[in-house]
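For reference, the chains in residue letters:
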Amino acid sequence: MAMTSMQRAEAAEHAMSEELDRVVVKSVLFTSGEHDPTKPMPRPPDQGKLYMMGHDPRLARMPDRPTLFDFFRLRFGPANHVLQSARLAMKNGVEEKIVLACLLHDIAISGFIRSDHGYWAAQLLEPYVDEEVSWAIRYHQALRFYADDSVGYAYPQMYVKLFGADYVPEPYIQEAYREARAHRWYMSARLITVNDLYAFDPGVQVQLEEFTDIVGRHFRQPKEGLGFDGSPTAHMWRTIIYPTKYL
Ligand SMILES: [Fe+2]
Ligand SMILES: [Fe+2]
């Protein structure tokens, strides 16, 4: 009997959770689409085990007081795209704050939530960076859809490929573009898009350490570690550390 992809996913999940000594229940957000969120969530059989309530052994363990770079190394994947963007921004001679914005602009995609990634990244970062940096990151999402000839920024060919030639951004993105256009920090967000490249050479490796000084000067690393400093977004960093925590 052929299995549907949902059944295959559940079978794989089941096999996986048998190997773990804790039962993992995924957040609705991680399964919506494959599973209809208006229907009850099929729960994995508890197999007499306890539920996951902290460190997931399938993930690299984070230090007790994680730094931004620990998140880059252990949760944000190879991060080549943002590293390349930051290097390009540096080469283009933009100010350090904007290099930092380029380095951080897509961290929501690489480590948290894709949908509305500019807003999520801005929110994660707000307690730790200049308001202009988080503002620019929030608005780069909308500005990516709008050309600006004055700085040589064209609508990305990549977006035509990804979303189709007739894609029109939603009204809230159109509105965000209008707001950004009229704002004094417009060019800061625009510079993220100018340095937001996809056609880079995958052979070129950029090391995180190239940005140690800029991060040191412009990112307020909390001494308790990201996730444990009681900031308004600490819980979001903790969710990245413990994405499968039951509660
Ligand atoms: Fe982006
Ligand atoms: Fe990007």
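A brief look at the structure comes next.

### Some details on the overall build of the protein chain
- For the protein chain, the helix and strand inventory stands at 13 helices and two strands.
- Considered along the principal axes of its C-alpha atoms, the protein chain spans approximately 60 × 45 × 35 Å.
- Per-residue burial for the protein chain yields a buried fraction of 41% across its 247 residues.
- For the protein chain, the proportion of contacts with a sequence separation of at least 24, taken over those separated by at least 6, is 72%.
- Each charge sign in the protein chain was given a centre, from 27 positive and 32 negative side chains, and these centres are 2 Å apart.

### Comments concerning the coordination of the iron ion (ligand 1)
- Distances from the iron ion (ligand 1) to its protein donors, Asp106 (OD), His117 (NE2) and His140 (NE2), fall at 2.2 Å.
- Each donor residue of the iron ion (ligand 1) lies on the same chain, and together they follow the pattern D-x10-H-x22-H.
- The metal-metal distance between the iron ion (ligand 1) and the iron ion (ligand 2) is 3.7 Å, with Asp106 serving as a donor to both. Of this pair, Asp106 sits in the loop between α5 (96–104) and α6 (107–111) while His140 sits in helix α8 (residues 131–143), and the two are 34 residues apart along the sequence. Considered together, Asp106 and His140 belong to a single accessibility category, that of buried residues.

### Looking at the coordination of the iron ion (ligand 2)
- Around the iron ion (ligand 2), the donor atoms from the protein are His81 (NE2), His105 (NE2), Asp106 (OD), Asp196 (OD) and Asp196 (OD), and they sit 2.0 to 2.8 Å away.
- Of note, the donors binding the iron ion (ligand 2) are all from one chain and are spaced H-x23-H-D-x89-D.
- Residue classification places His81 among the buried residues on the basis of a relative accessible area of 15%.
- Since its relative accessible area comes to 0%, His105 is described here as buried.

### Observations regarding helix α4 (residues 80–91)
- Taking 1.5 Å of rise per residue, 12 residues should cover 16 Å, and α4 covers 16 Å from first to last C-alpha, within 8% of that figure.
- Taking burial as the measure, the 12 residues of α4 include nine buried ones, the bulk of the element.
- Turning to α4, its buried residues number three or more, namely Asn80, His81, Val82, Leu83, Gln84, Ser85, Ala86, Leu88 and Ala89.
- Summarising the contacts, the buried residues of α4 are in contact with α3 (68–74) and α5.

### Comments concerning the packing of α8 against helix α10 (residues 171–181)
- At a minimum axis separation of 8 Å, α8 and α10 run at an interaxial angle of 125 degrees. Between α8 and α10, the angle is such that the two are oblique. As α8 runs across α10, the sense of the crossing is left-handed. Contact residues: α8 offers Trp135, Tyr139, Gln141, Ala142 and Leu143, while α10 offers Tyr172, Ile173, Ala176, Tyr177, Glu179 and Ala180.
- For the contact of α8 with α10, the residue count by class is nine nonpolar, one polar and one charged.

### A closer look at unusual backbone geometry
- Positive phi, normally seen in glycine, also occurs at Ala79, with a value near 55 degrees.
- Locating Ala79 in the fold gives a position in the loop between α3 and α4.
- One non-glycine residue with positive phi stands out, namely Asp116, at about 55 degrees.
- Mapped onto the fold, Asp116 is located in the loop between α6 and α7 (117–125).

### Some thoughts on the side chain of His105
- Summarising the element assignment, His105 is placed in the loop between α5 and α6.
- Side-chain polar atoms of His105 contact the backbone oxygen of Cys102, separated by 2.6 Å.
- Of note is the side chain of His105, whose polar atom sits 2.9 Å from the side chain of Asp106.
- When sequence neighbours within four positions are dropped, the list of residues in contact with His105 reads His81, Val82, Ser85, His117, Ala121, Ile137, His140, Ile192 and Asp196.

### Some points on α8
- Look at α8: 18 Å from first C-alpha to last across 13 residues, which is about the 18 Å you get at 1.5 Å a residue.
- Of all 13 residues in α8, 12 are buried, a share of seventy percent or more.
- Considered for burial, the residues of α8 that qualify are Glu132, Val133, Ser134, Trp135, Ala136, Ile137, Arg138, Tyr139, His140, Gln141, Ala142 and Leu143.
- Of the surrounding elements, those touching the buried residues of α8 are α5, α7, α10 and α11 (186–194).

About the thresholds
- Residues numbered from 1 in each chain as written.
- Chains lettered and ligands numbered in written order.
- Predicted model: local features only at pLDDT ≥ 70, side-chain atom pairs only at ≥ 80, totals over all residues.
- Heavy atoms only, no water.
- Helix = DSSP H or I, 4+ residues; strand = E, 2+ residues; numbered from the N terminus.
- Buried < 20%, exposed > 50% of the residue type's maximum accessible area, 1.4 Å probe, protein only.
- Contact = heavy atoms within 4.5 Å.
- Lys, Arg positive; Asp, Glu negative; His and termini not counted.
- Charge placed at Lys NZ, Arg CZ, Asp CG, Glu CD.
- Donors = N, O, S within 2.8 Å, 3.2 Å for Na, K, Ca; no water.
- Expected span 1.5 Å × (residues − 1).
- Axes fitted to C-alpha atoms, helices over the stretch in contact; angles between N-to-C directions.
- Parallel < 35°, antiparallel > 145°, perpendicular 65-115°, else oblique.
- Left-handed = near helix turned anticlockwise from the far one by under 90°.
- Nonpolar A, V, L, I, M, F, W, Y, C, P; charged D, E, K, R; others polar.
- Polar contact = N/O pair within 3.5 Å; in protein donor to acceptor, adjacent residues only side chain to side chain.

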